[in-house]
Amino acid sequence: MNNTDPAAGYQTYDQPPGPDRTARNKGTARRAALTICTIADVAAGLLGLWIVLYLLDANQANPFVEFVHGTADWLSGWARDIFTMDTEGLRAVLNYGLPAVIYLLIGHGIASRINRA
């Protein structure tokens, strides 16, 4: 028996993708873009929250404040002490705000590129 026809439900390589497959790929791309945007937003939100907690002089012994500070330090580790200002508040805003803006720009840029594809 020499049957080269694909099994029911499978597509051969010489046929263009059907409309249901194209819609499925677009849906997958949108979900991936949404995931990337969400990760970038959460990262920027945690950095922004730490800036607010720092400027409001939050209790450093509080477990929530410790968690936010540790996460913000980890997220901004690559940008540590780029700006060395005399004013501590301005220094915190710049050193944690720059990574937040970069995460937003890169995350949303990648997501928009995925949505266009």
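What you see is a predicted model; the values in this text were computed from it and never measured.

Calculation rules
Counting starts from 1 at the beginning of each chain's written sequence and moves along it residue by residue. For a predicted model such as this one, the threshold for reporting local features is a pLDDT of at least 70, and the threshold for listing and counting side-chain atom pairs is 80 or more; totals across whole chains, interfaces and linings nevertheless cover every residue. Only hydrogens and water are set aside; all other atoms, that is, all heavy atoms of the structure, feed into the side-chain values. Secondary structure elements follow DSSP: runs of H or I no shorter than four residues count as helices, runs of E no shorter than two count as strands, and numbering proceeds from the N terminus. Here's how the labels work: a residue is buried when its accessible area is under 20% of the maximum for its type, exposed when over 50%, partly exposed in between, all with a 1.4 Å probe on protein chains only. Should any heavy atoms of two residues lie within 4.5 Å, those residues are considered in contact. Criterion for a salt bridge: a side-chain nitrogen of Lys or Arg within 4 Å of a carboxyl oxygen of Asp or Glu. Buried Ala, Val, Leu, Ile, Met, Phe, Trp, Tyr and Cys residues that are joined via side-chain atoms within 4.5 Å together make up what is termed a nonpolar core. By the criterion applied in these results, polar contacts are pairs of N or O atoms within 3.5 Å in which, for protein atoms, one can donate a hydrogen and the other can accept it, and in which residues neighboring in sequence qualify only through two side-chain atoms. Aromatic rings from Phe, Tyr and Trp, with only the six-membered ring used for Trp, were paired whenever their centres fell within 6.5 Å, and each pair was classed as stacked if the ring planes differed by under 30 degrees, edge-to-face if by over 60, and tilted otherwise.

Novice: Would you mind showing me how to read the overall build of the chain here?
Specialist: Helix and strand content of the chain: 3 helices and 0 strands. Counted from the first residue to the last, the chain has its helices and strands arranged as α-α-α. Residues counted as buried form 24% of the 117 residues belonging to the chain. The contacts of the chain with a sequence gap of at least 6 include a subset with a gap of at least 24, amounting to 55%.

Novice: Teacher, can you tell me more about the pattern of salt bridges here?
Specialist: Side chains that carry opposite charge are capable of pairing whenever their charged atoms lie near each other. Applying the stated rule across the entire model yields 2 salt bridges. Asp-81 is paired through a salt bridge with Arg-91; the nearest N and O atoms lie 2.8 Å apart. One end of the pair, Asp-81, is in the loop between helix 2 (63–75) and helix 3 (88–116); the other, Arg-91, is in helix 3, with 10 residues separating them in the sequence. The partly exposed category is assigned to Asp-81, whose relative accessible area is 41%.

Novice: Help me out: how do you make sense of the nonpolar core in this one?
Specialist: With 15 residues, the main nonpolar core has Leu-47, Trp-50, Leu-53, Val-65, Ala-72, Leu-75 and Tyr-96 as its most contacted residues. Secondary-structure elements contributing two or more residues to this core are helix 1 (19–55), helix 2 and helix 3. Of all the elements, helix 1 adds the most residues to this core, at 7 residues.

Novice: Sorry, what's going on with the side chain of Ser-76 here?
Specialist: When you line up the elements, Ser-76 lands in the loop between helix 2 and helix 3. Ser-76 sits in the buried class, given a relative accessible area of 2%. Among the polar contacts made by the side chain of Ser-76, one reaches the main-chain carbonyl oxygen of Ala-72 at a distance of 2.8 Å. Once you skip the residues sitting within four places of it in the chain, Ser-76 turns out to touch Leu-47, Asn-95, Tyr-96 and Pro-99.

Novice: Help me understand the packing of aromatic side chains, please; the structure alone is not making it clear to me.
Specialist: Within a pair of aromatic rings, the relevant descriptors are the distance that separates the centres and the angle that separates the planes. Evaluated as defined, the whole model comprises 3 aromatic pairs. Taken together, a centroid distance of 5.9 Å and an interplanar angle of 55° make the contact between Trp-50 and Tyr-54 tilted. Here Tyr-54 and Trp-50 lie together in helix 1, a separation of 4 residues that amounts to about one turn. Residue class for Tyr-54 comes out partly exposed when judged on its relative accessible area of 28%. Ring centres of Trp-50 and Tyr-96 lie 6.4 Å apart, and the angle between their planes is 75°; on these two criteria the pair is classed as edge-to-face. Here the residue Trp-50 occupies a position in helix 1, and Tyr-96 occupies one in helix 3, the gap between them amounting to 46 residues. With respect to burial, Trp-50 and Tyr-96 carry one shared label: buried. Connected via pairs of aromatic rings, a cluster forms that spans Trp-50, Tyr-54 and Tyr-96.

Novice: I keep staring at the environment of Ala-40 and nothing clicks. Help me out?
Specialist: Mapped onto the elements of the fold, Ala-40 is located in helix 1. On the basis of relative accessible area, Ala-40 is assigned to the buried category, the value being 7%. Along the primary structure Ala-40 and Ile-106 are separated by 66 residues, whereas in three dimensions their C-alpha atoms are 8.0 Å apart. Ignoring any residue separated from it by four or fewer positions in sequence, one finds Ala-40 in contact with Tyr-103, Leu-104 and Gly-107.

Shape descriptors only; they carry no functional weight alone.
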